[in-house]
Amino acid sequence: MNSRDTILQRLRNRGGGKLTAPECDFSVLKRPHSSVAEQVDQFQKTIDSVHGEVHRCTPESWIAQLAEILSSRGARNLLIPAKHQIGHALRDSKRDDLPELLIYDEPINSWQPHLFNEVDASITSTRGGIADTGSLILWPTVDEPRLMSLVPPIHIAVLEASELYTTFHEAMGAQNWAAGMPTNALLISGPSKTADIEQTLAYGVHGPKELIILVIE
């Protein structure tokens, strides 16, 4: 009897009892509790190791720091969400040192060449971060579609320090992911990178060359 016949025979001989889910022990995924400051330190250390960039800000200083970052890179424009408070804050600031603010408010087909060829940077919110792996959690929406974090050469993400979690398991539990998830849930750990057969590492081949995170403490 071959493997296929063996499997089929076992199914035929099955008594038909109720199937039950196996018990899972997730205690191995738990970590000792850390303070917010310790989580930020760990997150920054991990992001730095993969060529990401973390800037620690306050609610009052993040826009000024953003303007300085964009100016240092010669960014001509910044793609912002139309409805999220980040977009409102940037428009309301009326700062002369910010580049042109672009709003993603039309179907991708109508401005795809502009998005792929002329947008220098984008800024998005985050749903949180994972200190252990230096990962950002993004849940794309109509206001902040996935392409905002995928296409522009510079992706700037705003992360509240209070929304940092030690592990992915902790984040899923604290935010009750089991209650419902979007079509795309993104975990971003550093800028886009790839390597060829000679192990030559290149950045920005499949996404942003730079990942800059503004941690609001």
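Everything below is about the structure shown above.
A short tour of the structure in this document, coming up. Residue indices follow the written sequence of each chain, beginning from 1 at its first position. In keeping with the predicted nature of the model, local features appear solely for residues at pLDDT of at least 70, side-chain atom pairs appear and are counted solely at 80 or more, and the whole-chain, interface and lining totals rest on all residues. Note that the side-chain values use all heavy atoms of the structure and ignore hydrogens as well as water.

A closer look at the nonpolar core
Okay, step 1: To form a nonpolar core, buried Ala, Val, Leu, Ile, Met, Phe, Trp, Tyr and Cys residues must be joined to one another through side-chain atoms within 4.5 Å. Here the term buried applies to any residue with accessible area under 20% of the maximum for its type, exposed to any over 50%, and partly exposed to those in between, with areas from a 1.4 Å probe on protein chains only. Ranked by size, the top nonpolar core spans 21 residues in total, and within it Trp62, Leu66, Leu78, Leu90, Ile123, Ile156 and Leu214 carry the most contacts.
Okay, step 2: Here a strand is any run of E in DSSP of at least two residues, a helix any run of H or I of at least four, and the numbering for each starts at the N terminus. Elements supplying a minimum of two residues to this core: helix H3 (62-72), strand S2 (77-80), helix H4 (85-93), strand S4 (121-125), strand S7 (154-160) and strand S12 (210-216).
Okay, step 3: Here the element with the most residues in this core is H3; it accounts for six residues.
Okay, step 4: What makes two residues a contact is simply this: any of their non-hydrogen atoms within 4.5 Å. In this structure Leu66 touches Leu78, Leu90, Leu98, Ile123, Ile156 and Leu214, once residues within four positions along its chain are discounted.
Okay, step 5: In this structure, Ala131, Ala161, Leu186 and Val215 belong to the second largest nonpolar core, which totals 16 residues.

Here we look at the sheet that holds strand S5 (residues 128-130)
Okay, step 1: Only when DSSP finds a minimum of two bridges between them are two strands counted as paired. Spatial ordering of the open sheet is given by S8-S5-S6-S9, a layout of four strands whose pairing is mixed. Single-partner strands in this sheet number two, and they are strand S8 (164-165) and strand S9 (186-188).
Okay, step 2: As paired elements, strand S6 (residues 135-138) and S9 share three bridges and run antiparallel to each other. Across the sheet, residue Leu138 finds its bridge partner in S9, namely Leu186.

A short note on the pairing of S7
Okay, step 1: When you tally the buried positions in S7, you get six out of seven residues, the bulk of the element.
Okay, step 2: Bridge analysis of S4 against S7 gives five bridges, and the strand direction is parallel. Counterpart to Ile123 in the pairing with S7 is Ile156.
Okay, step 3: Sheet topology places S7 next to S12; seven bridges connect them, and they run parallel. Residue pairing for S12: Ala157 is matched across the bridge by Ile213.

Quick look at the environment of Leu115
Okay, step 1: Mapped onto the elements of the fold, Leu115 is located in helix H5 (residues 108-118).
Okay, step 2: For Leu115 and Leu79, which are 36 residues apart along the polypeptide, the C-alpha to C-alpha distance reads 9.0 Å.
Okay, step 3: Not counting the four nearest positions on each side in its chain, Leu115 is found in contact with Leu79, Tyr104, Ile108, Leu147 and Val151.

A word on unusual backbone geometry
Okay, step 1: With phi around 50°, Lys94 is a residue other than glycine that occupies positive phi space.
Okay, step 2: Tracing the backbone through its elements, the reader meets Lys94 in the loop between H4 and strand S3 (100-103).
Okay, step 3: Even without a glycine there, the phi angle at Asn176 is positive, about 55°.
Okay, step 4: You can see Asn176 is positioned in the loop between helix H7 (168-174) and S9.

A few points about the packing of H3 against H4
Okay, step 1: Their axes nearest at 11 Å, the elements H3 and H4 cross at an angle of 80°. By the angle class used here, H3 and H4 are roughly perpendicular. From H3, Trp62, Ile63 and Leu66 reach across to H4, where they touch Ile86, Ala89, Leu90 and Ser93.
Okay, step 2: By the convention adopted, Pro, Cys, Tyr, Trp, Phe, Met, Ile, Leu, Val and Ala count as nonpolar, Lys, Arg, Asp and Glu as charged, and the other residues, Gly among them, as polar. Classifying every residue of the contact of H3 with H4 gives six nonpolar, one polar and no charged. Structural elements are reduced to axes, namely lines fitted to C-alpha atoms, with helices fitted over the stretch in contact, and the angle between N-to-C directions of any two is expressed from 0 to 180 degrees. What sets the label is the angle itself: under 35 degrees gives roughly parallel, over 145 gives roughly antiparallel, 65 to 115 gives roughly perpendicular, and the rest give oblique.

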